[in-house]
Amino acid sequence: MPAAESRALRPRTALVIGGGIAGLVAARELAARGLRTTVLERREHFGGVVAAHELAGLVLDSGTESFATRNDAVPALLGELGLAERIVRPRPTGSWLHLPAGSVPMPASGILGIPGNPLDPALTPALGRSGQYRAGLDRLLPARVGAQERTLGGLVRARMGRAVAENLVAPVTTGIHSTDPDELDADTVAPGLRAGIREHGSLAASAAALRAASPAGSQVAGIEGGMNQLSEALVADLTRRGVRLVDACEVLALDRDAGHGPWMAIRRQRGAGDRSALRADVVVVAADGPTAVRLLGPHLPPEAVPGLAPGPRLALATLVVRAPALDDAPRGTGVLVSEAARDVRAKALTHANAKWAWIDERLGEYQHVLRLSYGRAGGAAGEEVRLPDGKLAALALHDAARILGVPLSREDVLGADVVRWDGAMPSVPAGHRARAERFRSALAEVDGAGAVGAWLAGTGLASVVPDARRAVAALDLPAPRGG
């Protein structure tokens, strides 16, 4: 092929559909390779759940407040954006569980509530003696026990019994993933856990080995001033690189001229009314799973297109209160709530200033920031998410008092805000990882198309950021240019 013709066929423009962190990182990689890049985001802000709000004179994270440190992907990105010196660690105070029988400290070893030492006497209040004895049998069971279980709950129940699954693991998964462990794909939420049973001989040893890779006090980090600064820094960086950022823009369909020509996104700008088309040589879909499947599915073999349910609706109620009784952080940095505990409706509480010193330093005397999250998957468990903001804030105050064991009244509240997220947490049922891999394998055969996001990579910035970079690197694009 003549050199001039080869240059004419090289991609020059790129379109990213979805302006969460995965989409912004993908856009940055595309722009670095010399493509004129546009990002379309249906919301009115970029960064997805990495966002901010202001209450009682404080600018706080309204969504993601930390990132996992199991790899260096996020610290490396923060370094590139000039934020490395602002990385901070949470206080090593530890967290608690709120169970029907009361509140107990979280196991100090293991992952996702799976104890590295199920016979630890500190677990007796949570498991009972019989439950603890059953959990201890895990070390005596052959590795094949539970090998066929694909859900996290099924695996834990087979190896350690009901008490561990319901009293330790379920509060963690419903608090973090908004889903019961019996509905979570074990390989997606805990990669390497099942393989570790074969290697180490037990679920406890496998969980302990995974925890050892991220010892206590090192699992997460944040940014002084809030994780929302990551979104702001990415937007500023993309603007400097000439990336076009379009918010309040919904993509209705994704088509292609002549099968292998430019991609065409049919979009609708909020407030503009009419639909319009935007063409690009390369498209990367960084939307939620159901949206990505809707847009890219028509270009893939039917057997590679997964059926995906929307993620649960979530709500975060943040309270700034004046309560001297909270100065000693009676429940550590926060509490995960068992669904069986009927005295509260929240699924988790974070005592934000007990967790992050930078927040504590910005508060007045006896002031505290409490973040309560709502929205469990399935049934009536998420009804509280539909409450009006005022009623949900009142419920959060009631729940905070019960969870923390400290009386709190309306007069103690200095500020309150409710933020809602629809589909922000992907649904990852049993078999999800295999279905996602089939989808990506089929998409790799489509020229100039990619997909990124938590539904493919796994939840959390430590999964999403490196995955977005790999996905763009896998596309047939010009070599990166400097800067």
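Here the structure is a predicted model, which means the values were calculated and not measured.

1. As for the overall build of the chain
Reasoning step 1: In terms of helices and strands, the chain carries 17 helices and 20 strands.
Reasoning step 2: Here the chain has a C-alpha radius of gyration of 23 Å; the compact-globule value for 483 residues is 23 Å, and the two agree.
Reasoning step 3: Dimensions of the chain along its principal axes, counting C-alpha atoms only, are 75 × 55 × 40 Å.
Reasoning step 4: Out of the 483 residues in the chain, the part that is buried amounts to 54%.
Reasoning step 5: Considering only contacts in the chain between residues 6 or more positions apart, those separated by 24 or more positions represent 70%.
Reasoning step 6: Total accessible area computed for the chain in this model is approximately 20700 Å², and 51% of it derives from carbon and sulfur atoms.

2. Notes on empty space enclosed by the protein
Reasoning step 1: Under the counting rule described, the total for this entry stands at one cavity of 30 Å³ or more.
Reasoning step 2: Its volume calculated, the largest cavity comes out at about 80 Å³.
Reasoning step 3: Taken together, 13 residues make up the lining of the largest cavity; nearest its centre are Asp61, Glu65, Trp356, Trp358 and Ile359.
Reasoning step 4: Of all the elements in the fold, those that place two or more residues in the lining of the largest cavity are strand S4 (58–61), strand S9 (220–223), helix H13 (357–361) and strand S18 (367–374).
Reasoning step 5: When the residues that make up the lining of the largest cavity are grouped by side-chain class, the tally is eight nonpolar, two polar and three charged.

3. So, the packing of aromatic side chains
Reasoning step 1: Per the stated rule, a full pass over the model turns up one aromatic pair.
Reasoning step 2: When the centroid spacing of 5.1 Å and the interplanar angle of 65 degrees are considered together, the rings of phenylalanine 439 and tryptophan 455 count as edge-to-face. Of this pair, phenylalanine 439 sits in helix H15 (residues 432–443) while tryptophan 455 is found in helix H16 (residues 454–457), placing the two residues 16 residues apart along the sequence. The exposure classification of phenylalanine 439 matches that of tryptophan 455, with both residues buried.
Reasoning step 3: Its guanidinium or amino end placed over the ring of tryptophan 96, arginine 331 lies 4.9 Å from that ring's centre, counting from NZ or CZ.

4. Quick notes on the nonpolar core
Reasoning step 1: By size, the foremost hydrophobic cluster in this structure holds 41 residues, and its most contacted members are Ile21, Leu30, Leu230, Leu234, Val452 and Leu461.
Reasoning step 2: Of all elements in the fold, only strand S1 (13–17), helix H2 (21–32), helix H3 (73–80), S9, helix H10 (228–240), strand S14 (282–285) and helix H17 (461–473) reach the threshold of two or more residues within this core.
Reasoning step 3: Here this core takes eight residues from H2, the largest share from any one element.
Reasoning step 4: Excluding residues that lie within four positions of it along the chain, leucine 230 makes contacts with Ile21, Val50, Leu77, Leu78, Leu81, Leu83, Ile223 and Leu461.

5. Thoughts on the packing of H3 against H17
Reasoning step 1: The N-to-C vectors of H3 and H17 enclose an angle of 70 degrees; their axes lie 8 Å apart at closest approach. On the basis of their axis angle, the class for H3 and H17 is roughly perpendicular. Residues Ala73, Val74, Leu77 and Glu80 of H3 pack against Leu461, Ala462, Val465, Pro466 and Arg469 of H17.
Reasoning step 2: For the contact of H3 with H17, the per-class residue count stands at seven nonpolar, no polar and two charged.

6. Thoughts on the pairing of S18
Reasoning step 1: The element S18 is largely enclosed, with a buried count of seven among its eight residues.
Reasoning step 2: In the sheet, strand S15 (residues 313–322) pairs with S18 via eight bridges, with the strands oriented antiparallel. Bridging from a neighbouring strand, valine 321 pairs with histidine 368 of S18.
Reasoning step 3: By the bridge criterion, four bridges tie strand S17 (residues 348–351) to S18 in an arrangement that is antiparallel. Its bridge partner being in S18, alanine 348 is matched across the sheet by serine 373.

Definitions and cut-offs
Residues numbered from 1 in each chain as written. Predicted model: local features only at pLDDT ≥ 70, side-chain atom pairs only at ≥ 80, totals over all residues. Heavy atoms only, no water. Helix = DSSP H or I, 4+ residues; strand = E, 2+ residues; numbered from the N terminus. Rg over C-alpha atoms; globule rule 2.2 N^0.38 Å. Buried < 20%, exposed > 50% of the residue type's maximum accessible area, 1.4 Å probe, protein only. Contact = heavy atoms within 4.5 Å. Areas by Shrake-Rupley, 256 points an atom, 1.4 Å probe, with all protein chains shown as cover. 1 Å grid on protein atoms, 1.4 Å probe; cavity = no way out; pocket = protein on both sides within 12 Å on 5 of 7 lines; lining within 4 Å. Points joined across faces, edges and corners; volume = space filled by probe spheres on them. Nonpolar A, V, L, I, M, F, W, Y, C, P; charged D, E, K, R; others polar. Phe/Tyr/Trp six-rings, centres within 6.5 Å; stacked < 30°, edge-to-face > 60°. Lys NZ or Arg CZ within 6 Å of the ring centre and 35° of its normal. Core = buried A, V, L, I, M, F, W, Y, C linked by side-chain atoms within 4.5 Å. Axes fitted to C-alpha atoms, helices over the stretch in contact; angles between N-to-C directions. Parallel < 35°, antiparallel > 145°, perpendicular 65-115°, else oblique. Pairing = 2+ DSSP bridges.

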